[in-house]
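Each chain, written out:
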Amino acid sequence: MDFTLSEEQLMIQQAARDFAQTELLPGVIERDDAQKFPEEQIKKLGELGFLGMMVDPKYGGSGLDTLSYAIAMEELSKVDASSSVVVSVNNSLVCWGLEAFASEAQKQKYLTKLTTGEMIGAFCLSEPEAGSDATSQKTTAIDKGDHYLLNGTKNWITNGSTAGVYLVIAQTDIEKGHKGINALIVEKGTPGFEIGPKENKLGIRGSDTHSLMFNDVKVPKENRIGEDGFGFKFAMKTLSGGRIGIAAQALGIAAGAYELALKYSKERKSFGTEICNHQAIAFKLADMHTEIEAARLLVYKAALDKDNGNNYDLSSAMAKLFASKVAMDTTVEAVQIHGGNGFVKDYHVERLMRDAKITQIYEGTSEIQKIVISRSIIKQ
Ligand SMILES: Cc1cc2nc3c(=O)[nH]c(=O)nc-3n(C[C@H](O)[C@H](O)[C@H](O)COP(=O)(O)OP(=O)(O)OC[C@H]3O[C@@H](n4cnc5c(N)ncnc54)[C@H](O)[C@@H]3O)c2cc1C
């Protein structure tokens, strides 16, 4: 088994690392404080090809593999998870979903703009009464011949106010259960489509999370993705790949906090020596380093499964479950290693700790990942 990254993957890693240091780090604390969306940073990420990384260049994408995308996600997330969640949603939920399942006309119309950052996208599945239980969709898309009439509310939508295009999951035929669900492309500004106030969040505060309201929104039939009734499958397949992006985000948050803690532990002195020389601190660093490496291997395995055409439902769920726990554990310990300084904003680790929590919740909570994993291993 070869763990060596290719020259291209190393180049992408370096480019993402440089971007994180030069473009994301300045102002990251202020953006978190003010809940300010990283607009300029996302624009630049689009120009550099980080928003449509896995998409065919004929649609403006970078034509890279999933592993390259995961590597870039790790590097960006070490510094700013509010920016990296935009990268993740746009790449794995919106661009990948459209490239894999949309019609050629839909790709030409939307994907070409989403890959370059001319606009960003949102993925709209969750509802006030349908989170983990995504089959309980209350949003309806009633077939009216040449269009669907969309009514309902979506919750917690990343890029809620900043997106130009929204992939909305809705129930067309209640009798058919999840086989009666469709995925529709809805443009911002369509009459009847309203955006709720921004959520005031614990972490990833720079990201733009809103509820969305649809009141008799007319969506042309040609905006349906795939066959009638394909919407739930579309959502599940897309989320399976999305979990690789979020696992890589969790890995990056953990690695970022670890790097800060290691550096701090070599500088801060107590009892006449650098604190890394106290075994209690050294062992924390040893655990962090080992767990991060294990998380990285799970993330890479899931990405390679996807790249090699293997089923990646199990490996992506395991990668997300494990990496998000490592993110939580590592960031808590990074704060501890920083002592009082860990508790204030200037040292970054408290923000990383707050950001880590969301990786155990979105794109399927840790409990849901365990359901996916246990079903898969019991079936085998
Ligand atoms: C910042 C943020 C951004 C988000 N971005 C998006 C987005 O862009 N698009 C989108 O569609 N959604 C998004 N979400 C929604 C997110 O995916 C949901 O919050 C998540 O899936 C959980 O759903 P819920 O909040 O309704 O929790 P619930 O489903 O109500 O779960 C509550 C608790 O019960 C547990 N639970 C539920 N069912 C089971 C079960 N069968 N077995 C064991 N435990 C169970 C859960 O694990 C959880 O601990 C976002 C959420 C947040 C907070």
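Please refer to the structure placed before this passage.
Reading the values: the criteria
- Residues numbered from 1 in each chain as written.
- Predicted model: local features only at pLDDT ≥ 70, side-chain atom pairs only at ≥ 80, totals over all residues.
- Heavy atoms only, no water.
- Helix = DSSP H or I, 4+ residues; strand = E, 2+ residues; numbered from the N terminus.
- Rg over C-alpha atoms; globule rule 2.2 N^0.38 Å.
- Buried < 20%, exposed > 50% of the residue type's maximum accessible area, 1.4 Å probe, protein only.
- 1 Å grid on protein atoms, 1.4 Å probe; cavity = no way out; pocket = protein on both sides within 12 Å on 5 of 7 lines; lining within 4 Å.
- Points joined across faces, edges and corners; volume = space filled by probe spheres on them.
- Nonpolar A, V, L, I, M, F, W, Y, C, P; charged D, E, K, R; others polar.
- Phe/Tyr/Trp six-rings, centres within 6.5 Å; stacked < 30°, edge-to-face > 60°.
- Lys NZ or Arg CZ within 6 Å of the ring centre and 35° of its normal.
- Disulfide = S-S within 2.5 Å.
- Polar contact = N/O pair within 3.5 Å; in protein donor to acceptor, adjacent residues only side chain to side chain.
- Contact = heavy atoms within 4.5 Å.
- Near = heavy atom within 4 Å.
- Axes fitted to C-alpha atoms, helices over the stretch in contact; angles between N-to-C directions.
- Parallel < 35°, antiparallel > 145°, perpendicular 65-115°, else oblique.
- Left-handed = near helix turned anticlockwise from the far one by under 90°.

## Quick look at the overall build of the protein
A tally of regular secondary structure across the protein gives 11 helices and nine strands. What you see for the protein is a C-alpha radius of gyration of 21 Å, in line with the 21 Å of a compact globule of 380 residues. With respect to the three principal axes, the spread of C-alpha positions in the protein is 80 × 45 × 40 Å. Out of the 380 residues belonging to the protein, those deemed buried represent 55%.

## Quick look at empty space enclosed by the protein
Taken as a whole, this structure holds one cavity of 30 Å³ or more when the rule is applied. For the largest cavity, the calculated volume is near 40 Å³. Forming the walls of the largest cavity are Val28, Arg31, Asp32, Asp80, Ser82, Gly206, Arg351 and Asp355. Listed by contribution, the elements that provide at least two residues to the lining of the largest cavity are α2 (28-34) and α10 (349-358). At three residues, α2 tops the list of elements feeding residues into the lining of the largest cavity. For the lining of the largest cavity, the per-class residue count stands at one nonpolar, two polar and five charged.

## Some details on the packing of aromatic side chains
For the structure shown, the criterion picks out seven aromatic pairs. Judged by centre distance (5.7 Å) and plane angle (85°), the rings of Trp96 and Phe101 are edge-to-face. Three or more aromatic residues joined by ring pairs make a cluster, and in this case those are Trp96, Phe101, Phe230 and Phe234. Across the ring face of Tyr148, the terminal group of Lys221 is positioned such that the distance to the ring centre comes to 5.3 Å.

## Things to note about the state of the cysteines
Taken as a whole and judged by the stated rule, the model has zero disulfides. Unpaired in terms of disulfides, Cys124 finds its nearest cysteine sulfur in Cys95, a separation of 14 Å.

## Side note on the side chain of Glu350
Here Glu350 lies in helix α10. A polar contact of 2.9 Å, which involves the side chain of Glu350, links it to the side chain of Arg354. Ignoring sequence-local partners within four residues, the contact set of Glu350 consists of Val335, Gly342, Phe343, Val344 and Lys345.

## A few points about the site of the ligand
With respect to spatial proximity, 18 residues lie near the ligand, and among them Phe123, Ser126, Ser132, Trp156 and Thr365 are the closest. Here Phe123 contributes a backbone N or O atom positioned 2.8 Å from a nitrogen atom of the ligand. The side chain of Thr158 places a nitrogen or oxygen atom 2.8 Å from a nitrogen atom of the ligand. For the shell around the ligand, the secondary structure elements donating two or more residues are β1 (121-124), β3 (147-158) and α11 (366-379). The greatest single-element share of the shell around the ligand, amounting to three residues, is contributed by β3. Looking at the shell around the ligand residue by residue, the class counts come to 10 nonpolar, five polar and three charged.

## Quick look at unusual backbone geometry
Within the chain, Trp156 stands out as a residue other than glycine whose phi angle is a positive 60°. Within the secondary structure layout, Trp156 lies in strand β3. Classification of Trp156 as exposed rests on a relative accessible area of 53%. Notably, His348 is not glycine yet its phi reads approximately 70°, a positive angle. Looking at the secondary structure, you find His348 in the loop between α9 (313-337) and α10.

## Notes on the packing of helix α5 (residues 81-101) against helix α6 (residues 104-114)
Two elements in contact, α5 and α6, have axes separated by 10 Å at closest approach and are oriented at 155°. As the angle between them shows, α5 and α6 are arranged roughly antiparallel. For the pair α5 and α6, the sense of crossing is left-handed. Of the residues in α6, those in contact with Asn90, Val94, Cys95, Leu98 and Glu99 of α5 are Lys107, Tyr110, Leu111 and Leu114. Residue composition of the contact of α5 with α6, by class: six nonpolar, one polar and two charged.

Keep in mind these numbers describe shape, not what the thing actually does.
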